[in-house]
Amino acid sequence: MSKEQISVFDMFKIGIGPSSSHTLGPWRAAQQFTKVLQDKAVLDKVESVKILLYGSLAKTGTGHGTDIAILLGLSGDDPVTFDVNLVTPKVEHIKTVGTLRLAGTNKIPFSYQEDLLFLYSQSLPFHPNAVTFQAFLNDGKAVSETYYSIGGGFVVQENDEGNISTEVDLPFPVETAQDLLHWCRKTGLKISELVLENEHAWREEEETRAGILNIYKTIYECIYRGCHTAGTLPGGLNVERRAAKLNKKLLKDRPYQDYESWIAAIQTGGESFPYILDWVSCFALAVNEENASFGRVVTAPTNGASGVIPAVLQYFITFHKGYSEDKIIQFILTASEIGSIFKKGATISAAMGGCQAEIGVSSAMAAGALTECLGGSQRQVLMAAEIAMEHHLGLTCDPIGGLVQIPCIERNTMGAIKAITAAQLALQSNPDKAKVSLDTVVKTMWETALDMNVKYKETADGGLAVNIPLSLPEC
């Protein structure tokens, strides 16, 4: 079997919150199923559909919007372009009217209670996040497909490599951190430069650069929107949004009109440690509050951890004067390569590995990216990524109420701060003295994931999820 090839646009995807594995993945699976029906030329023959959710998708599906994503995906809507303001109205219309327009064309009857089944006590062996689509045709036949949402918006079928980028001949194939270091030593290229050379195998450089800048545009729009939106998060926990209040408090009425002038206003506030710390937290809170509200975010590498990399990137832009296209592209390219090493050697799915696979990986990605952008060597980049993950090992996934809110939102602030700390440590250290390599920590993370009790893997069956009453107000 060919080795996995992962592009920067596989690690960073534009989508809608709150979860890459429970929202974006099932959405993509639903789209893939409608394409199967179209390819078989049976879409117009479908009279009814049933959706079976297994394992983690069943247990925390409602809180993560799995049901919503699937209905929109079956309806022919795309998470990159669909108006986030129409998410709730459209789904409520489907439920109320009792019909669904399959792939946007074939109108069929649909009962939310009878046709979308949450099989809480059943799991499929290949992966905890499984969904089966069944389409019943007017000739008495049926079409059935099962998909697995394996984290970060990646969707596969059993023994299939799924929607990873089309296989190409990469000039610098990388499976491990050691492979990456080998090519960097041989060519003298920075990690970001080497990644860009690999991206050429898929597309022209200008297309890659434009795509990355579009990813960044989505990131800064999400941060800015989150810092200016107050209210309460949906889902029933009554969690108050904090980023907007913190933004207002920190700016002290300094005027601004848009994102660029907002950055300038932040910069005039100084560079004291508490001030910077508050802003990093504010950036992360903003993104994950948007994510929890079915806003448009970038999986980085997942939705639940989508605030870490944006917060660290925004920190670099704001407090290290890193607001240039080249630096932003450098940051995102480096982060993507670190993330791909974790995906290849372990997992980026909380249902497989707990929160270490999401916040831990995103923190490692951010730490490595920041280190390179601040002038660190290739080995210091890998060292920073290792340090960040080392101190997330064993982190469980225990969302209260199955919602990507508590403790998920605050964990993004912690992941961002750890990433910055890891970068600073690596920049002040000699990698020759390091006792733990990045490959070792990837292997350790995967072994920890395999040993972790299933109730701590995005099932809401353990940890805070069972020890905090749902009626308890946020502290």
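Cut-offs applied
Every chain begins its residue count from 1, and numbering advances along the sequence as written. Note on the predicted model: pLDDT of at least 70 is required for a residue's local features to be given, and 80 or more for side-chain atom pairs to be given and counted; whole-chain, interface and lining totals, by contrast, use all residues. Side-chain numbers here rest on the full set of heavy atoms in the structure, without hydrogens or water. Secondary structure is summarised from DSSP: a helix means a run of H or I of at least four residues, a strand means a run of E of at least two, and numbering begins at the N terminus for each. We compute the radius of gyration over the C-alpha atoms and compare it with the globule rule, which gives 2.2 Å times the number of residues raised to the power 0.38. The buried label goes to any residue with under 20% of its type's maximum accessible area, the exposed label to any with over 50%, and the partly exposed label to all in between, with areas taken from a 1.4 Å probe on protein chains only. Residue contacts follow a heavy-atom distance rule, with two residues in contact if any of their heavy atoms lie within 4.5 Å. Only the protein chains shown count as cover for residues, with accessible areas throughout obtained via the Shrake-Rupley method and a probe of 1.4 Å. Counted as positive: Lys and Arg. Counted as negative: Asp and Glu, with His and the chain ends omitted from the count. All charge positions are set by atom: Lys at NZ, Arg at CZ, Asp at CG, Glu at CD. By convention, a stacked pair of Phe, Tyr or Trp rings (six-membered ring in the case of Trp) has centres within 6.5 Å and planes under 30 degrees apart, an edge-to-face pair has planes over 60 apart, and any other such pair is tilted. Axes here mean lines fitted to C-alpha atoms, for a helix over just the part in contact, with angles spanning 0 to 180 degrees between N-to-C directions. An angle below 35 degrees is read as roughly parallel, one above 145 as roughly antiparallel, one from 65 to 115 as roughly perpendicular, and any other as oblique. Note: crossing handedness is left-handed where the near helix turns anticlockwise from the far helix by less than a right angle, and right-handed where it turns clockwise. Residues were grouped as follows: Ala, Val, Leu, Ile, Met, Phe, Trp, Tyr, Cys and Pro as nonpolar; Asp, Glu, Lys and Arg as charged; and all remaining residues, including Gly, as polar. At least two DSSP bridges between two strands are required for those strands to pair. Expected helix span is taken as 1.5 Å per residue step, with the number of steps being one fewer than the number of residues. Counted as salt bridges are all cases of a side-chain nitrogen of Lys or Arg within 4 Å of a carboxyl oxygen of Asp or Glu. By convention a nonpolar core is built from buried Ala, Val, Leu, Ile, Met, Phe, Trp, Tyr and Cys residues, the set being connected through side-chain atoms within 4.5 Å. Under the rule applied, a polar contact is a pair of N or O atoms within 3.5 Å (in protein, one hydrogen donor and one hydrogen acceptor; residues adjacent in sequence only if both atoms are side-chain atoms).

A.B. asks: Hey, could you go over the overall build of the protein for me, with residue numbers and the actual values?
C.D. replies: Helices and strands together make up the secondary structure of the protein, namely 21 helices and nine strands. In summary, the protein has a C-alpha radius of gyration of 22 Å against a globular reference of 23 Å for 475 residues, a match within 12%. C-alpha atoms of the protein, sized along the principal axes, occupy 70 × 55 × 45 Å. Across the 475 residues that make up the protein, the buried fraction comes to 57%. Long-range contacts, defined as pairs at least 24 residues apart, comprise 76% of the intrachain contacts of the protein with a sequence gap of at least 6. When the accessible surface of the protein is summed, it comes to about 18800 Å², and 52% of that surface belongs to carbon and sulfur atoms. Once the 40 positive and 53 negative side-chain charges of the protein are each reduced to a mean point, those two points are 3 Å apart.

A.B. asks: Help me get a handle on the packing of aromatic side chains, residues and values and all.
C.D. replies: Counting across every chain of the model gives 17 aromatic pairs. On the numbers, 6.3 Å between centres and 90° between planes, the contact of Y275 with F319 is edge-to-face. One end of the pair, Y275, is in helix α13 (residues 273–292); the other, F319, is in helix α14 (residues 308–319), and 44 residues separate them in sequence. The exposure classification of Y275 matches that of F319, with both residues buried. Here Y315 and F319 contribute two aromatic rings whose centre-to-centre distance is 6.2 Å and whose plane-to-plane angle is 40°, an arrangement assigned as tilted.

A.B. asks: Explain the packing of helix α18 (residues 378–390) against helix α20 (residues 438–451) residue by residue, including any values.
C.D. replies: Contact geometry of α18 with α20 gives a least axis separation of 9 Å together with a crossing angle of 25°. Classed by the angle they form, the pair α18 and α20 counts as roughly parallel. When you trace α18 past α20, the crossing you get is left-handed. For the pair α18 and α20, contact is made by L382, A385, E386, M389 and E390 and by L438, V441 and M445, respectively. Its residues assigned to classes, the contact of α18 with α20 comprises six nonpolar, no polar and two charged.

A.B. asks: Tell me about the sheet that holds strand β7 (residues 142–151), and name the residues and values.
C.D. replies: Taking strand neighbours across the sheet as the criterion, the five strands line up as β5-β2-β6-β7-β8 in an open arrangement whose pairing is mixed. Two strands in the sheet have a free side with no partner beyond their single neighbour: β5 (116–119) and β8 (154–156). Along the sheet, successive strands turn relative to each other by an average axial angle of 25°, direction set aside. One ladder, built from four bridges, connects strand β2 (residues 46–54) with β5; its direction is parallel. Its bridge partner being in β5, L53 is matched across the sheet by F118. Contacts between helix α5 (residues 66–74) and the sheet are confined to β2, β5 and β6 (129–137), with β2 contributing the most and set at about 150° to the helix.

A.B. asks: For the packing of helix α10 (residues 205–226) against α14, give the residues involved together with the corresponding values.
C.D. replies: The N-to-C vectors of α10 and α14 enclose an angle of 90°; their axes lie 11 Å apart at closest approach. Here α10 lies roughly perpendicular to α14, going by the angle between them. Touching Y216, I219 and I223 of α10 are P310, L313, Q314 and I317, all from α14.

A.B. asks: How would you sum up helix α15 (residues 325–345)? Please name residues and give values.
C.D. replies: Taking 1.5 Å of rise per residue, 21 residues should cover 30 Å, and α15 covers 31 Å from first to last C-alpha, within 8% of that figure. Among the 21 residues of α15, 16 are classified as buried, and the element is accordingly described as predominantly covered.

A.B. asks: With reference to specific residues and values, describe the pattern of salt bridges.
C.D. replies: Enumeration according to the criterion identifies 19 salt bridges in this entry. The closest approach of N and O atoms between D461 and K59, which form a salt bridge, is 3.0 Å. Taken together, the positions of D461 in the loop between α20 and α21 (464–467) and K59 in helix α3 (residues 55–59) put the pair 402 residues apart, joining distant regions of the chain. You can call D461 partly exposed: its relative accessible area is 36%.

A.B. asks: Can you explain the nonpolar core? Please cite residues and give values.
C.D. replies: If you look at the biggest cluster of nonpolar residues, it comprises 112 residues, and the most contacted ones within it are F12, W262, W279, I338, F342 and L438. Top element by residues in this core is α13. It accounts for 11 residues. Counting residues in hydrophobic clusters, the runner-up holds 40 residues, among them L37, L43, V87 and A135.

A.B. asks: Report on the side chain of N106, specifying residues and quantitative values.
C.D. replies: The residue N106 is located in strand β4 (residues 106–109) in this model. Given the relative accessible area of 13%, N106 is considered buried. Looking at N106, its side chain comes within polar contact range of the main-chain oxygen of V46, at 3.1 Å. Not counting the four nearest positions on each side in its chain, N106 is found in contact with L43, D44, V46, L100 and R101.

A.B. asks: An account of the pairing of β7 is needed here, citing residue identities and associated values.
C.D. replies: Counting buried positions over the 10 residues of β7 gives seven, a clear majority of the element. Two strands pair when backbone bridges link them, and β6 and β7 are joined in this way by seven bridges, in the antiparallel orientation. If you follow A130 over to β7, its bridge partner there is Y148. What sits between β6 and β7 in their antiparallel hairpin is a turn of four residues, with G140 showing a positive phi close to 90°. The pairing of β7 with β8 spans three bridges and is classified as antiparallel. Across the sheet, residue S149 finds its bridge partner in β8, namely V155.

A.B. asks: Go over α18 with me, naming the residues and quoting the values.
C.D. replies: The first and last C-alpha atoms of α18 sit 18 Å apart over 13 residues, in line with the 18 Å expected at 1.5 Å per residue. With 10 of 13 residues buried, α18 is to be regarded as a mostly interior element. Of all the positions in α18, only Q380, V381, L382, M383, A384, A385, E386, I387, A388 and M389 are classed as buried.

A.B. asks: Describe unusual backbone geometry, and please don't skip the residues or the numbers.
C.D. replies: Of all residues except glycine, most have a negative phi; of all peptide bonds, most are trans. Residue P18 follows G17 across a cis peptide bond; omega there is 10°. The peptide bond linking A300 to P301 adopts the cis configuration, its omega dihedral lying at 0°. Counting through the fold element by element, P301 comes out in the loop between β9 (296–299) and α14. Here the phi dihedral of N238 falls at roughly 60°; this positive angle occurs in a residue that is not glycine. Here N238 lies in the loop between α10 and α11 (243–251). Its identity as a non-glycine residue notwithstanding, D253 has a phi of 65°, on the positive side. Topologically, D253 is positioned in the loop between α11 and α12 (259–267).

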